[in-house]
Amino acid sequence: MSQAAQPAPRSLAEALRARDDASLSALLRSRPDLITPVPTDLTQLATRAGTRASVLRALERLDRFALQTAEALAVAPDPVSYDTLLGLMAGDARDETVAAALPRAVATLREQALVWGDDERTRLVRTARELLAPSPQHPSPTGLGPSVQEATSGMSPGRVQEIVRTAGLPSTHDAVSAVAALTALFADRRKMAKLLAGAPAGSHEVLSRLVWGPPYGQVTPDPAPHLRWLLDRGLLLPTAPGTVVLPREVALHLREGRAHRTPEPLPPAVEPAAAHSPQVVDATAAGQAYTSLATVEELLKDWDEGGPAVLRAGGLSVRDLKRTAVALDVSEPVAAFWVELAYAAGLIASDGEADERYAATPAYDEWLERPAAERWSRLAEAWLAATRTPGLVGGRDAKDRTLSALGPGLDRSAASEVRHRVLALLAGLPTGTAPDTGSVLARLGWERPLRGPQQRDGEEDLRSRLARWTLSEAELLGITGRGALSAHARALLGAPAPAVAVPRENGSGPGAKLPVHHHHAPASLSPVEQATATAAAARILAPLLPEPLDHVLLQADLTAVAPGPLQRPLADTLGVLADVESKGGATVYRFTPGSVRRALDAGRSAADLHAFLAQHSRTPVPQPLAYLIDDVARKHGHLRVGAASAYVRCDDDALLNEILADKRAAALRLRRLAPTVLAAQCDPAALLEGLRAMGFAPAAESAEGEVLIARAHAHRTPPRTAPEPVPDGPPPPDATLLAAAIRAIRAGDLAATTPRKAVGESAGAGAPLVGGELPRTSSAETLATMQAAVLTGDSLWIGYVNAEGSASQRVIAPVKVEGGFVTAYDHTADEVRTYPLHRITGVAELAED
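Here we summarise the structure given alongside this text. (Residues numbered from 1 in each chain as written. Predicted model: local features only at pLDDT ≥ 70, side-chain atom pairs only at ≥ 80, totals over all residues. Heavy atoms only, no water.)

Below, the discussion takes up the pairing of strand S19 (residues 677–680). Bridging between strand S17 (residues 646–649) and S19 involves 4 bridges; their strand directions are antiparallel. Residue pairing in the sheet places Arg649 in a bridge with Val677 of S19. With 4 bridges connecting them, strand S18 (residues 670–674) and S19 associate as antiparallel partners. Bridging from a neighbouring strand, Leu670 pairs with Ala680 of S19. With antiparallel pairing between neighbouring strands as the criterion, S18 and S19 make up a hairpin whose turn holds 2 residues. (Pairing = 2+ DSSP bridges. Helix = DSSP H or I, 4+ residues; strand = E, 2+ residues; numbered from the N terminus.)

Rendered as structure tokens:
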């Protein structure tokens, strides 16, 4: 039906009623808060769409040009024609770019139910107008002030007539017509140009200072002549003693009709900063992905026997974060990122005991058994979905408390959305292209502009900081390589691969002119689609990861060089037998008496160690290393420490004499019980450490006299689930929920709006009823009407009270009435239902069309 034939809607509810299912689906998908819970009918949906909270959320999700259009509608007449709106946006010169983009912006506002009506009578939702219209307390983003009518509302009729006469207009009979005449004068470009041509010197400078806002200025009780000239003609109007305002119509004339100084109809392009070959990008990202796995494993290994204590308020202490950073050889912000990533992936948690500490979860052991590519994809998937923000660690919350890693207050609901959007912008660039950070931030700022004074001077808004953190974290995790999105990351996002970028001849760098494509963010993947994408990412990454080695290179200086990543059993054993001296492309291990003793304490014999080194070394076992192992093994266990409080026993009484004579043993408070036994007044662990500090190699023994194997015991938390992301409002509904919601809303609207015959009257008597209270009829009338409807196939309007006492109205088509029940097709629920007749309050026939 054409717009000429279709009557204009009189309310937002009527406008929604005229929409088809696809249009309603688009509305509910973009504003999911409208169906939480599902409205009973379209009138309730329209009411909910106009609430302040819902409108604020919708405005915050508009792009810059759509928001500028809404701001222009807030200062336009209500209702406004499309041509008038076009003039406000494109100006008198009719900017072609703005004119071409305006239909999309209006369509966006109409789809989001922020605007309703046809092109001749377009209306902004009242709540949005109240939020965006200018006022002294909340200036308009357009910089426009009140209209002439609003500014003169408190002015005396005599003063209004004086202004009209001074402006060269004839006097009128009342103030309303005088204000209308003055408004018409200011809106007439030709007459206004003639009026301003006679302005005294200095007047134009005053107007130019106010024209783009703020429109308010201060004047003295005795203004200068050029200010008096403006005040006498209403070009400046008083709003309070000493305060004047530039009327909206005057400002629009001086602006050549534009509501905004700089309309932004097109999103800024994401500019390339560098271009690399895809192979270099993927190899760099894969190397960093493997490093991320090694870092997380090292973190969890450090916490294997129980990690740092949990603060009373939750989280890690500053000291524990510093210690973790030193252990991982990274900065504290980076350490906070790895800790939070392991937490988001469900690999670490609090053990929940009285002396609460952080430790690995049982899921960590399961994660370790997976192939490397699958382990990485799990970390990357957890990072994408997480709303916890490691970049905030060390900052302050609203109560000026320090935000700690793993502590409360780190969730930011926009974090996941910003990560996806930043990576989608990278996916829109040619393969191998790294973006310019500033252009990424500018694009995000256009897509979600700040509304009002939401940031302090000189401080970036949260979304910009989230975007910066996303770019740095993506590089740490191996999502990007050299700033460009990797192939396995594209698969993880479910994004298609665009064209390949060609690097510049003199290398990549800023200024490379590459084609830029504008892509919308890919739709969020369903759990099944995300699982498929994660598996695809693991398949692409797997061939790029280095194969673990089964050998090391032993050197004569008591070191071993691992030329690459080692297989886990080899790495674990070597980690006990030697100390890591340096990391990098190759890891250097150093053998010391203490490290060899650590291996012997773990139950290894000297023969086991010799066999292990001979098996896994590509070079002969150096003689100094063999001597070191034999020397430590010969002394190991010569002394035995047990629990008395503690005791030392040794077959060599001369050795015990030597210990007693050593001044360093005074702190152990030793005394001889027998020629081969010393007793100590300290626990066995302290005695072991004391003797080792004196240069001896004692071994611990059990109550039965057997040597205790000092093997590390892994500490695990009870089963824990990964932290749930904090959503930014209700989640977008899926297709099934949308279809059911629309069906229920339309059926409820049918029940609420279908005309009914007056209860108890004949078909031709009485006026048709719409809405109102539930029908009330006697049991006999209800039964008779139901039986008649079964025979005729007519639909009926009923009032129904369920077992919980909730009353509702429904439109049903009765099929069968028997046994005190009516079986009918319920248009409201779109299914066949059975209702007890005693719960039906009344029945009415539907009026004929």
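Glancing now at unusual backbone geometry. Following Asp78, the chain continues into Pro79 via a peptide bond in cis, with omega recorded as 0 degrees. Each neighbour pair has its own omega, and for Gly213 with Pro214 the value is -5 degrees, a cis peptide bond. Along the polypeptide, Pro214 turns up in the loop between helix H13 (203–210) and strand S3 (216–218). In this model, Ala113 sits at a positive phi of 60 degrees, which is unusual for a non-glycine residue. As for its placement among the helices and strands, Ala113 is situated in the loop between helix H7 (96–111) and strand S1 (115–116). Classification of Ala113 by relative accessible area gives buried; the value is 0%. (Buried < 20%, exposed > 50% of the residue type's maximum accessible area, 1.4 Å probe, protein only.)

With that out of the way, let us pick up the nonpolar core. Membership of the largest hydrophobic core comes to 89 residues, with the highest contact counts inside it found for Leu235 and Leu236. Ranked by the residues each element gives to this core, the list is headed by helix H5 (residues 64–74), at 7 residues. Not counting residues up to four positions away in its chain, the partners in contact with Leu236 are Val206, Leu207, Leu210, Leu227, Leu230, Leu231, Val244, Val245, Leu246 and Pro247. Within the second largest apolar cluster, 70 residues are counted, among which are Ala345, Ala373, Leu477 and Leu493. (Core = buried A, V, L, I, M, F, W, Y, C linked by side-chain atoms within 4.5 Å. Contact = heavy atoms within 4.5 Å.)

In this section: helix H17 (residues 318–328). For H17, the set of buried residues is Asp320, Leu321, Thr324, Ala325 and Leu328. Projected down its long axis, H17 shows its buried positions confined to an angular sector of 140 degrees, all on one face. In H17, the exposed positions that point more than 90 degrees away from the buried face belong to Val318, Arg319 and Val326. Contact partners of the buried residues in H17: helix H16 (278–302) and helix H18 (332–344). Downstream of H17 by a residue or two, Asp329 has a phi angle that is positive, lying close to 60 degrees. (Arc of directions from axis to C-beta.)

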